[in-house]
Amino acid sequence: MDPLFPKFFVLAIFLLAHGIAAWRKWYYSKPSVDTITHFLGGLAVGAFIKDWSVAIALILGWEFLEMLLVSKNWKAFREKPLNKVRDVLMGLLGYFIGVDML
């Protein structure tokens, strides 16, 4: 089997899960899906980026980007601080599992 196949498979699963969640608006009606997509995103990062400092910067950077994207009339990315911490932890968990497995 091609060594890149598992990496792109994980990336495809992440993109599919995120795409369906966004399309079905599950991020608003089922907030727990956010945890799953952050974990899958961390797995995808771990599949392609082996330098942990770059990966952590990307995971933290995404959360800061979410804060910048919040606007008064846009519900997306409006999260409580504890949710942000959970998102980072799930992304890191996914990364550390993915970096070792993929």
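Above this text sits the structure in question.
Residues numbered from 1 in each chain as written. Predicted model: local features only at pLDDT ≥ 70, side-chain atom pairs only at ≥ 80, totals over all residues. Heavy atoms only, no water.

## Examining the side chain of Asn-83
Thought 1: Tracing the backbone shows Asn-83 in helix 5 (residues 81–101).
Thought 2: A distance of 3.2 Å separates a polar atom in the side chain of Asn-83 from a polar atom in the side chain of Arg-86. (Helix = DSSP H or I, 4+ residues; strand = E, 2+ residues; numbered from the N terminus. Polar contact = N/O pair within 3.5 Å; in protein donor to acceptor, adjacent residues only side chain to side chain.)

## Some remarks on the packing of aromatic side chains
Thought 1: A complete count under the given rule lists three aromatic pairs for this structure.
Thought 2: Ring plane angle 25 degrees and centroid distance 5.9 Å describe the contact between Phe-5 and Phe-9, whose orientation is recorded as stacked. Here Phe-5 pairs with Phe-9, and both are found in helix 1 (residues 5–23), just four residues apart, close to one helical turn.
Thought 3: Using a relative accessible area of 46% as the deciding quantity, one classes Phe-5 as partly exposed.
Thought 4: Residue classification places Phe-9 among the partly exposed residues on the basis of a relative accessible area of 47%.
Thought 5: Relative to Phe-96, the ring of Tyr-95 lies with its centre 5.0 Å away and its plane at 70 degrees, an arrangement referred to as edge-to-face. (Phe/Tyr/Trp six-rings, centres within 6.5 Å; stacked < 30°, edge-to-face > 60°. Buried < 20%, exposed > 50% of the residue type's maximum accessible area, 1.4 Å probe, protein only.)

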